[in-house]
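# Residue-level structural notes
Okay, here's what each chain looks like letter by letter:
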Amino acid sequence: MLRASRRLLQHRPLLVRLPFRAMAAETDAPSKKRDASAMDAGYQRITEGSASMLYECRAEDTKTRGKGKDDGPVFYNKVQVFNRDVSVLVMALFAQWRYIEKRERQAGADARKSGGDGVQAAEAERARLYALSAAELDELLKEDAATGGLRVLDALAATGLRSVRYAKEVPGVKKVVSNDIEAEAAKKCQENATSNGCDSLVEAVCGDAVAHMINSRGDPYDVIDLDPYGSAAPFLDGAVQAISDGGLLCVTSTDMTVLSGGYPEVCYAKYGAMPTKAKHLHEYALRVLLHAIEASATRYARHIVPVVSLSIDFYIRVFVRVYKSPSNVKHTIGRRALVLQSAGCPSFYLQPLGSPTQRDGGYTCGRLHEPPRKINQMGRRAQRRAEEEAEDEEEEEEEFDPEAVAPARCAETGAAFKIGGPIWSAPIHDAEWVAAALDRVNAECDEHLSTTERIHGVFTAVSEELMDVPLYYTIPDICKTLHCAAPKLCEVRAALQHAGYRSSQSHRDPDAIKTDAPPRVLWDVFRCWVKKHPVSEKRLAEPRSAAARPARLRSSRSSIISWHSSISSHIAMFGSLLSSSSNLGSS
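### What to know about the overall build of the chain
When its secondary structure is counted, the chain shows 23 helices and 18 strands. With 587 residues in all, the chain has 52% of them scored as buried. Considering only residue pairs separated by 6 or more positions, the chain has 70% of its internal contacts joining residues 24 or more positions apart. Looking at the chain as shown, the accessible area adds up to about 26900 Å², and 51% of this sits on carbon and sulfur atoms.

### Topic: the nonpolar core
Ile224, Leu226, Leu249, Val251 and Ile293 are the most contacted members of the largest nonpolar core, which totals 73 residues. At nine residues, the largest contribution of residues to this core is made by helix α12 (residues 281-298). Discounting residues that sit within four places of it in the chain, leucine 226 has contacts with Ala155, Met213, Phe235, Leu236, Ala239, Leu249, Cys250, Val251, Thr252 and Arg317. Listed in part, the 54 residues of the second largest apolar core include Met53, Val86, Leu248 and Val462.

### Focus on the sheet that holds strand β18 (residues 512-515)
Taken in spatial order, the three strands of this open sheet run β16-β18-β17, and their pairing is antiparallel. Every interior strand has two partners, whereas the edge strands, β16 (473-474) and β17 (503-504), have only one. Sheet topology places β16 next to β18; two bridges connect them, and they run antiparallel. Residue pairing for β18: tyrosine 473 is matched across the bridge by isoleucine 513.

### Structural notes on the packing of aromatic side chains
A full pass over the atoms with the stated rule returns seven aromatic pairs. With centroids separated by 5.8 Å and ring planes inclined at 55°, the aromatic side chains of tyrosine 55 and tyrosine 76 adopt a geometry described as tilted. You can see tyrosine 55 sitting in strand β3 (residues 51-56) and its partner tyrosine 76 sitting in the loop between β3 and α3 (81-113), a full 21 residues away along the chain. Look at tyrosine 76 and you get buried, because its relative accessible area is 13%. An angle of 70° between the planes, with centres 5.1 Å apart, marks the rings of phenylalanine 314 and tyrosine 315 as edge-to-face. Seen from the ring of tyrosine 221, arginine 151 lies directly overhead, with NZ or CZ sitting 4.5 Å from the centre. Seen from the ring of phenylalanine 82, arginine 454 lies directly overhead, with NZ or CZ sitting 4.3 Å from the centre.

### Concerning the packing of α3 against helix α15 (residues 431-442)
Between two packed helices, both the angle of their axes relative to each other and the distance between the axes serve to describe the pair. Interhelical geometry of α3 versus α15 gives an angle of 110° and a closest axis separation of 10 Å. Classified by the interaxial angle, the pair formed by α3 and α15 is roughly perpendicular. Here α3 and α15 pass one another in a crossing that is right-handed. Packed against α3, whose contacting residues are Leu89, Val90, Ala92, Leu93, Phe94, Gln96 and Trp97, the element α15 presents Glu432, Trp433, Ala436, Ala437, Arg440 and Val441 at the interface. Counted by class, the contact of α3 with α15 contains 10 nonpolar, one polar and two charged residues.

### Observations regarding unusual backbone geometry
With an omega of 5°, the peptide bond running from glycine 421 to proline 422 counts as cis. Looking at where proline 422 falls in the secondary structure, it is placed in strand β15 (residues 417-424). Even without being glycine, alanine 158 reaches a positive phi, approximately 60°. Its location among the elements puts alanine 158 in the loop between β4 (150-154) and α6 (161-169). Here alanine 158 falls in the buried class, since its relative accessible area comes to 4%.

### Focus: the pairing of β3
With six bridges joining them, strand β2 (residues 43-48) and β3 adopt antiparallel strand pairing. Pairing of arginine 45 across the sheet is with leucine 54, part of β3.

Cut-off values and rules
Residues numbered from 1 in each chain as written. Predicted model: local features only at pLDDT ≥ 70, side-chain atom pairs only at ≥ 80, totals over all residues. Heavy atoms only, no water. Helix = DSSP H or I, 4+ residues; strand = E, 2+ residues; numbered from the N terminus. Buried < 20%, exposed > 50% of the residue type's maximum accessible area, 1.4 Å probe, protein only. Contact = heavy atoms within 4.5 Å. Areas by Shrake-Rupley, 256 points an atom, 1.4 Å probe, with all protein chains shown as cover. Core = buried A, V, L, I, M, F, W, Y, C linked by side-chain atoms within 4.5 Å. Pairing = 2+ DSSP bridges. Phe/Tyr/Trp six-rings, centres within 6.5 Å; stacked < 30°, edge-to-face > 60°. Lys NZ or Arg CZ within 6 Å of the ring centre and 35° of its normal. Axes fitted to C-alpha atoms, helices over the stretch in contact; angles between N-to-C directions. Parallel < 35°, antiparallel > 145°, perpendicular 65-115°, else oblique. Left-handed = near helix turned anticlockwise from the far one by under 90°. Nonpolar A, V, L, I, M, F, W, Y, C, P; charged D, E, K, R; others polar.

Put into structure tokens, the structure is as follows:
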């Protein structure tokens, strides 16, 4: 795709199918001769995975007047090989899951028709397929490809190299539609498919991506890949309508400047969420994008289930399954939350948008600065009377638990809260998918992947994350607030574990710490650290300084400080565990 065509506001209402097969046949004859003198003629041979192509390098003729000598008229992003490798891996896993689910449903239906136990038959079929290796499942997928294979849409194909890789490397693919708005790019797609021997699987289409997806609602795709040059927001609404029930939606967004808070008004306009510009911006961006996809899906009685969400280099990439379930859409408010970010320190709280009611599946507005009401079997009036009696008996108790609920102002600095979101607050990874991806990489089923070492490292880090804990802190950010030296990450995690809380790192930031401990406990750990490694007196001279407030040891918390003050003994206690287990050490 021409870089000029990546401007997201450019849409064409007509969908035009051109005879690219005929053009490809005319241009494919001299391909071998052209390959011999490719470099002299301004071409270079690009090989990626099992696909290769002749890429035309004529920067002086390109519409964008590219400065690089390898800038061609059709866009090719050479730094996203890892993106395409991960996409091939996840799509191969999806093909296997989809095949198992289909066979399971078929076995149950056949058993019920014959008067047997459909549930037991489905479970037996699932157990049989689960016992097979990934290579054996791949063979079954190839046999089933002609009749029940995957229909894939590469909505923004450019050179079509990604489409060719899907056709050649993903087992069980029936058809790949390679779409681009530029006729020259669509022509190049078909040429590359023909030269790679998969023109029977790849069909090049020239047209607007949004119009193509809207027109495909009657014949939906099993997989839709959105990899735009910039924001994916304009394509989400069409994608969630053109995907089949249970289908896989793969989305990339490269506008990290917007998602990370550089232009909050633009972020809200595109994704319907406000960024907070905190240090957890990489995961925050993932959750904003997932929120936007879910918001588009729920308009059509659909909802999403994220399987893998990655922040990589300068972009984010998410893989979600889209299901049609009007009853489940009612619970979408429980998967979204606002973020209350302290303006004076890294502390943050998540405020759910809704609280569950006694009505089955019902929600009401969330309550700020209050814990969610407990739902039990008694009626509302009886519950209200019980709450009033409890308040009369315990008048001196606090109105809310400060460990679980955001106070009116930041408890550490007294600063106000910035309101961010809403964001996706449910898990962003599926542990079963991540484990299956690691198993497939270890089994070396995909020899064509050139970044397997990095894939293994990233997915290993993802597998060690706390998947039910949104967002994270960073050690340098906390120490910057306190103006103190930074402790080792393993020391902080050991103290949190000894206090009864969980912690992990993030796959994106090596200095990140995800924990289910409330901000107060985390700050108490650092208060003890500052007590052992004092901050400079000039930093504490001003009582209202950002460093003085969190570093102050409060007498009301003496019981917590007492066990934190023995942090050295905690580290010694867990020393052997830290050295032998990557769960406590750095990933």
